[in-house]
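A structural walkthrough
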Amino acid sequence: MVKNSAQDPQDNSLQMKIRQYLVSGRRLPSKEDPNPKVISMRIFARNTVAAKSRFWWNLRRLNKLRPSHGQILAVQELFERRDTNVKTYGIVLKYQSRTTIHNMYKEFRDTTLNGAVSQLYQEMAGNHRAQPQTIHILRTSVLTKSADIKRGKTNQYRGDSIKFPIVKTVPRASHKKFRTVFKAKRPNLYRS
C-alpha cells in the first residue's frame, strides 16, 4: 500500500500520481570484480515496484545487466524543495508510436516536476495515443530565463504584468455575526 504524498495532485481525476525515485543498483560481486560500480537512475513511476521494474528495463538495454546478475541497493523517493511556486519545466523525451520512435521536447507549467510529468503522460496519451510504458524521459530542466522558453503556450504566462479577470465574486459577510448558512435572497455572483 503506497501512502499518499504531499505532492500528489489534489484532484484525482485530472492527473496521474507520478512520483520521482532515485534507484541505485549494481552487478553482483564476483571474484573478478569484488566491488562493482554503482549505477543510479532517476525514474518516474507510480510506486516503488514500478520504479524497480523500470530500472531493470533500462539497465538491461544500457548496461546489459539482468536482475538475476544484479542487485538493487536503494530506492529513494525524491521531493521538491519549494512546491509552492509555479515553474516552467522543459522535458526531452522519446516515445514509440505504432510505426517508429519519435524524439520530442515539451514544456509544462506546474509547481512540481511530478505534476509536470503527470501532465506529460496525459497529453501524450490524448494527443499521440502513447502508452505510459512507451514514453522514456531523457532529460528534465527548470526554465528560468524567458529566452529558454520555446513554446508560446508556456511563454504567455510569464511576466509580472499578467492579470486574470475576476469573473465570479462571492459576497462575504462583514462580520462573523452576520454569517449564516441560508439566506433569504440569492446572491448576485456575476458583475454586470
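To start, this report covers the structure provided alongside it. (Residues numbered from 1 in each chain as written. Predicted model: local features only at pLDDT ≥ 70, side-chain atom pairs only at ≥ 80, totals over all residues. Heavy atoms only, no water.)

On a plain count of helices and strands, the protein chain comes out with three helices and six strands. In sequence order, the secondary structure elements of the protein chain are arranged as β-β-α-β-β-β-α-β-α. Computed over its C-alpha atoms, the radius of gyration of the protein chain comes to 23 Å, more than 25% above the 16 Å expected for a compact globule of 192 residues. Overall, the C-alpha framework of the protein chain stretches about 85 × 40 × 35 Å when taken along its three principal axes. When the 192 residues of the protein chain are sorted by exposure, 31% land in the buried category. Counted over contacts in the protein chain with a minimum sequence separation of 6, partners at least 24 positions apart contribute 57%. For the protein chain, the exposed surface amounts to about 14400 Å²; the carbon and sulfur share of it is 49%. With 39 positive and 12 negative side-chain charges, the protein chain shows a separation of 6 Å between the mean positions of the two kinds. (Helix = DSSP H or I, 4+ residues; strand = E, 2+ residues; numbered from the N terminus. Rg over C-alpha atoms; globule rule 2.2 N^0.38 Å. Buried < 20%, exposed > 50% of the residue type's maximum accessible area, 1.4 Å probe, protein only. Contact = heavy atoms within 4.5 Å. Areas by Shrake-Rupley, 256 points an atom, 1.4 Å probe, with all protein chains shown as cover. Lys, Arg positive; Asp, Glu negative; His and termini not counted. Charge placed at Lys NZ, Arg CZ, Asp CG, Glu CD.)

For the rest of this paragraph, the subject is the environment of Ile101. Mapping Ile101 onto the fold places it in strand E5 (residues 101-110). For the pair Ile101 and Gln122, spaced 21 residues apart in the sequence, the C-alpha separation amounts to 19 Å. When near neighbours in sequence (up to four residues on either side) are disregarded, Ile101 contacts Lys94, Tyr95 and Gln96.

The antiparallel open sheet is built from three strands, whose spatial order is E2-E1-E3. The strands lining the two open edges of the sheet, one partner per strand, are strand E2 (38-45) and strand E3 (70-78). With strand direction ignored, the average angle separating the axes of adjacent strands in the sheet is 25°. Where strand E1 (residues 19-27) and E3 come together, eight bridges link them in antiparallel fashion. Its bridge partner lying in E3, Gln20 is registered against Leu78. Along the sheet, helix H1 (residues 48-62) makes contact with E1, E2 and E3, crossing E2 at roughly 130°. (Pairing = 2+ DSSP bridges. Axes fitted to C-alpha atoms, helices over the stretch in contact; angles between N-to-C directions.)

For the rest of this paragraph, the subject is the pairing of strand E4 (residues 87-96). Looking down a regular strand, the side chains alternate between one sheet face and the other. Among the ten residues that make up E4, eight are buried, leaving the element largely enclosed by the rest of the structure. Here E4 runs beside E5; their pairing, made up of ten bridges, is antiparallel. Of the residues in E5, the one forming a bridge with Thr88 is Arg109. Hairpin geometry of E4 and E5 is characterised by an intervening segment of four residues between the two adjacent antiparallel strands. The sheet contact formed by E4 and strand E6 (residues 135-143) spans eight bridges and is antiparallel. The residue of E6 that forms the bridge with Val92 is Arg139.

Here we take up the pattern of salt bridges. Counted by the stated rule, this structure contains three salt bridges. Here Lys153 and Glu123 are joined by a salt bridge, their closest N and O atoms 3.5 Å apart. Taken together, the positions of Lys153 in helix H3 (residues 152-155) and Glu123 in helix H2 (residues 113-128) put the pair 30 residues apart, joining distant regions of the chain. Exposure remark for Glu123: the relative accessible area of 17% places this residue in the buried category. (Salt bridge = Lys/Arg side-chain N within 4 Å of Asp/Glu carboxyl O.)

Moving on to a nonpolar patch on the surface. On the surface, Tyr157, Ile162 and Phe164 cluster together to form a nonpolar patch covering roughly 310 Å² of accessible area. Relative to the elements of secondary structure, Tyr157 occurs in the segment after H3. (Patch = residues over 30% accessible without salt bridge, like charges linked within 9 Å, V, L, I, M, F, W, Y side chains within 5 Å.)

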